[in-house]
Amino acid sequence: MINEIKVSSEIGKLKAVLVHRPGPELDHLVPRYLENLLFDEIPWLKRAREEHDDFVEALGTLGAQVYYTEKLVEEIIEDKSLKEELINEHLKFSTLFDKEVKRIVHDYIMGLDNKTAVETIIAGLSKDTVRDLKSETSFSDLTMKSYPFYLDPMPSMYFTRDHGTVINKGLLVSQMFNFARRRETIFLRFLHKNHPLFKNLNTPLWFEGEIPTGIEGGDVLVLNKDTLIIGFSERTTESAIESVAHMLLIEKEELKQIIVIEIPAKRAYMHLDTVFTVIDYDKFIIYPGIKNSIHTYRLYPGKNGNVRAKAEESLEHTLSDCLGLSSVKIINSGGDNSITAAREQWSDSTNTFVIAPGSIITYNRNEETNKILRNLGLNVIEVEASELVRGRGGPHCMTMPLLREDI
Ligand SMILES: NC(=O)NCCC[C@H](N)C(=O)O
């Protein structure tokens, strides 16, 4: 087990990372509810898992330790009272109202072995599985349009990035913007509170309570120990940014500044990391299609304990200033052809993940972007993602770094 939790950059050598192997939750995606569950297509689970296993192998190329959320949770629910607590927490944030149904779902999951219990909480529980255990008829048993699940599936669970961010030595748990993903962060909070990995290392929570409005990990990039970049996006709100800024800049005095990059609020660019990531000490990659519509701001501690903000002239200048460099390069994903760039962005070309300075994981389908990255001298480790890509996320989305070497 690692003896430290710490992330102070997006590129320091990766020592430990949290992931989730896609499971039967993907087999609970039905066409009628795809949009509600934030998917555009239905991935083939068997192949998605093979692709994810290869991805995990790539993550470990330089010896990083890969932890699976589901396995860590399984370990702690050996304690029956914690198993109970986990189930109750999911029921509390579920759509269930009927008391009998709640009891049945609770008892059913409680009776499962720990591995299957965690798998079921993530996969969701269909009404058919437990309907026979009911003694009386509820309204939803009678309707023709009845929703098929008591407990909703969480197909986006494999995008662990979005659940939270390690910022220096503390953890910021996200507040998921959409109802469909709201229950996902229960696992991270639960691990933080109960698993030795976090508990023994006294990892502080940067925000004890819940952040009042949406902020998702895909919008949070750790530039260096003094600077965070936050995307103001479809999923991350102004007020969440202000809350986090107040906490980290004023109350905890952990950071010196936060760069906010405002991007168009669109499904294709749901988080900042779908259009902009850090690829090297002084290099970034951006989807050129949004270049003319972004705005950059800098938040900093003002007088009297207030966070103050100013609009910045250029993203390049702001980044180089915060990094203490004379200049930085922002490279276009997909190159100069706007059609290729848009197609590759949709398939997560810009969602790259650095495992150490100079080594980067990408999806192999983004041929043009990969060529550009190689021409920069980077060691590009390509992974197959014909199925993983259907969830609209890439290598950056599928990872929550727990420990990176300082750079
Ligand atoms: N950081 C990311 O961009 N994560 C990808 C999330 C995809 C997921 N299907 C969602 O729409 O939330």
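Residues numbered from 1 in each chain as written. Predicted model: local features only at pLDDT ≥ 70, side-chain atom pairs only at ≥ 80, totals over all residues.

(A) Structural context of the environment of Asn114. When you line up the elements, Asn114 lands in helix α5 (residues 114-123). Placed 44 residues apart in sequence, Asn114 and Glu70 show a C-alpha to C-alpha distance of 10.0 Å. Residues in contact with Asn114, not counting those within four places in the same chain, are Glu74, Ile77, Glu78 and Lys83. (Helix = DSSP H or I, 4+ residues; strand = E, 2+ residues; numbered from the N terminus. Contact = placed C-beta atoms within 7 Å.)

(B) Spatial organisation of the UniProt feature "active site" (unreviewed entry) in the protein. UniProt annotation of "active site" (unreviewed entry) refers to Cys397 when read in the numbering used here. Within the element layout of this structure, Cys397 appears in the loop between β17 (379-383) and β18 (400-404). Owing to 26 C-beta atoms within 10 Å, Cys397 belongs among the buried residues under this scheme. With residues up to four places along the chain from it excluded, the contact list for Cys397 reads Phe159, Arg161, Asp162, Gly218, Asp273 and Asn351. (UniProt positions renumbered as here; feature names shortened; annotations may be inferred. Buried ≥ 20, exposed ≤ 12 C-beta atoms within 10 Å, placed from the backbone.)

(C) Region of the structure containing the site of the ligand. Surveying the vicinity of the ligand reveals 16 residues, the closest of which are Leu38, Gly218, His271, Gly393 and Cys397. Of the residues that constitute the shell around the ligand, the class distribution is five nonpolar, six polar and five charged. (Near = placed C-beta within 6 Å. Nonpolar A, V, L, I, M, F, W, Y, C, P; charged D, E, K, R; others polar.)

(D) Examining the sheet that holds strand β13 (residues 307-311) more closely. Read across the open sheet, the five strands follow the order β7-β8-β9-β12-β13; overall the sheet is mixed. Pairing within the sheet leaves two strands with one partner each, and these edge strands are β7 (220-224) and β13. The mean angle between the axes of side-by-side strands here comes to 25°, regardless of whether they run parallel or antiparallel. For strand β8 (residues 227-232) and strand β9 (residues 257-262), the ladder comprises six bridges, and the chain directions are parallel. Paired with Phe232 across the bridge in β9 is Glu262. This element, helix α11 (residues 315-323), spans β7, β8, β9 and β12 (295-301) of the sheet and lies at about 160° to β9. (Pairing = 2+ DSSP bridges. Axes fitted to C-alpha atoms, helices over the stretch in contact; angles between N-to-C directions.)

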